[in-house]
Amino acid sequence: MKSPPIECPACRSTDVHACGKRYGLYPAGPLAIFGVAFAMLHQTSRPFDYRCKTCGQEFARRTPIARVVRWLFIPLVWFFVIAFGLGILSLLFRR
Ligand SMILES: [Zn+2]
C-alpha cells in the first residue's frame, strides 16, 4: 500500500524533507501512573515534522498509524481521567 505524497501546505510542492518525529513534552506523569505502554501510545501518536525544499515552510503531518493510534488514545485518556476522578471522589466522600 503506497501512501499519498506529502504536500507542502503553502506552495503545494511535494519536494519536502522529513525532519523526523516530533517529540513533545514527555508525559512523565502518565508514564509513572500507567506505565510504559501508555507512553509508547503517546509517542506513536506524535506527528512527523517536514520542511518544504521549495519555499522553506515547516509543517507537520501524522502518519496513518499515528492517526489511528490517536483515535485509540483519546478515549483511553478520557477513560483514565474519569476513572481517576471517580477514585478521588470516592475517597473524598468515604464515610
Ligand atoms: Zn512549500
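Here the structure is a predicted model, which means the values were calculated and not measured.

Peer 1: I'd love a proper account of the overall build of the protein, names of residues and values included.
Peer 2: In terms of helices and strands, the protein carries three helices and three strands. Listing every helix and strand of the protein by position from the N terminus yields β-α-α-β-β-α. Classification of the 95 residues of the protein by burial places 5% in the buried group. For the protein, the proportion of contacts with a sequence separation of at least 24, taken over those separated by at least 6, is 59%.

Peer 1: Outline helix H3 (residues 64–92), supporting the account with residue identities and numerical values.
Peer 2: The end-to-end C-alpha distance of H3, which contains 29 residues, comes to 42 Å, matching closely the 42 Å that a straight helix rising 1.5 Å per residue would cover. Judged by how many residues are buried, H3 sits mostly at the surface: one of 29 residues are covered.

Peer 1: I'd like a description of the sheet that holds strand S1 (residues 16–21), backed by residues and values.
Peer 2: Strand order in the open sheet formed by three strands is S1-S2-S3, with antiparallel pairing between adjacent strands. At either end of the open sheet lies a strand with only one pairing partner, and these are S1 and strand S3 (58–61). Direction aside, the axes of adjacent strands within the sheet are offset by 30° on average. Bridge count between strand S2 (residues 48–52) and S3: four bridges; the pairing is antiparallel. Counted as the bridge partner of Arg 51 is Glu 58 from S3.

Peer 1: Break down the UniProt feature "transmembrane region" (unreviewed entry) in the protein for me, citing the residues and quoting the values.
Peer 2: The positions UniProt marks with the feature "transmembrane region" (unreviewed entry) are residues 23–41 and 71–93. In residues 71–93, helix accounts for 96% and strand for 0%; the two terminal C-alpha atoms are 34 Å from one another.

Peer 1: Account for the pairing of S2, naming residues and giving values.
Peer 2: By the bridge criterion, five bridges tie S1 to S2 in an arrangement that is antiparallel. Paired with Val 16 across the strands is Cys 52, a residue of S2. In this structure, the hairpin formed by S2 and S3 is closed by a connection of five residues, where Gly 56 is found at a positive phi of approximately 80°.

Peer 1: Any details on unusual backbone geometry? Residues and values, ideally.
Peer 2: In this structure, Arg 12 is a non-glycine residue whose phi angle is positive, near 65°. With respect to the helices, strands and loops of the structure, Arg 12 is situated in the segment before S1. Under the C-beta neighbour-count criterion, Arg 12 is labelled exposed, with 10 such atoms within 10 Å.

Peer 1: Requested: an account of the confidence of the model for the protein, with residues and values cited.
Peer 2: Confidence in the prediction of the protein, expressed as mean pLDDT, is 80, and 79% of residues score 70 or more. Per-residue pLDDT, averaged within each element of the protein, yields its smallest value for helix H1 (residues 28–34) (64) and its largest for S2 (89).

Peer 1: Could you give me a rundown of the environment of Cys 52, with the residues and numbers involved?
Peer 2: Tracing the backbone shows Cys 52 in strand S2. Given 21 C-beta atoms within 10 Å, Cys 52 falls into the buried group. Separated by 42 residues in the primary sequence, Cys 52 and Ala 10 place their C-alpha atoms 8.8 Å from one another.

Rules used in this analysis
Residues numbered from 1 in each chain as written. Predicted model: local features only at pLDDT ≥ 70, side-chain atom pairs only at ≥ 80, totals over all residues. Helix = DSSP H or I, 4+ residues; strand = E, 2+ residues; numbered from the N terminus. Buried ≥ 20, exposed ≤ 12 C-beta atoms within 10 Å, placed from the backbone. Contact = placed C-beta atoms within 7 Å. Expected span 1.5 Å × (residues − 1). Pairing = 2+ DSSP bridges. Axes fitted to C-alpha atoms, helices over the stretch in contact; angles between N-to-C directions. UniProt positions renumbered as here; feature names shortened; annotations may be inferred. pLDDT = per-residue confidence, 0-100.

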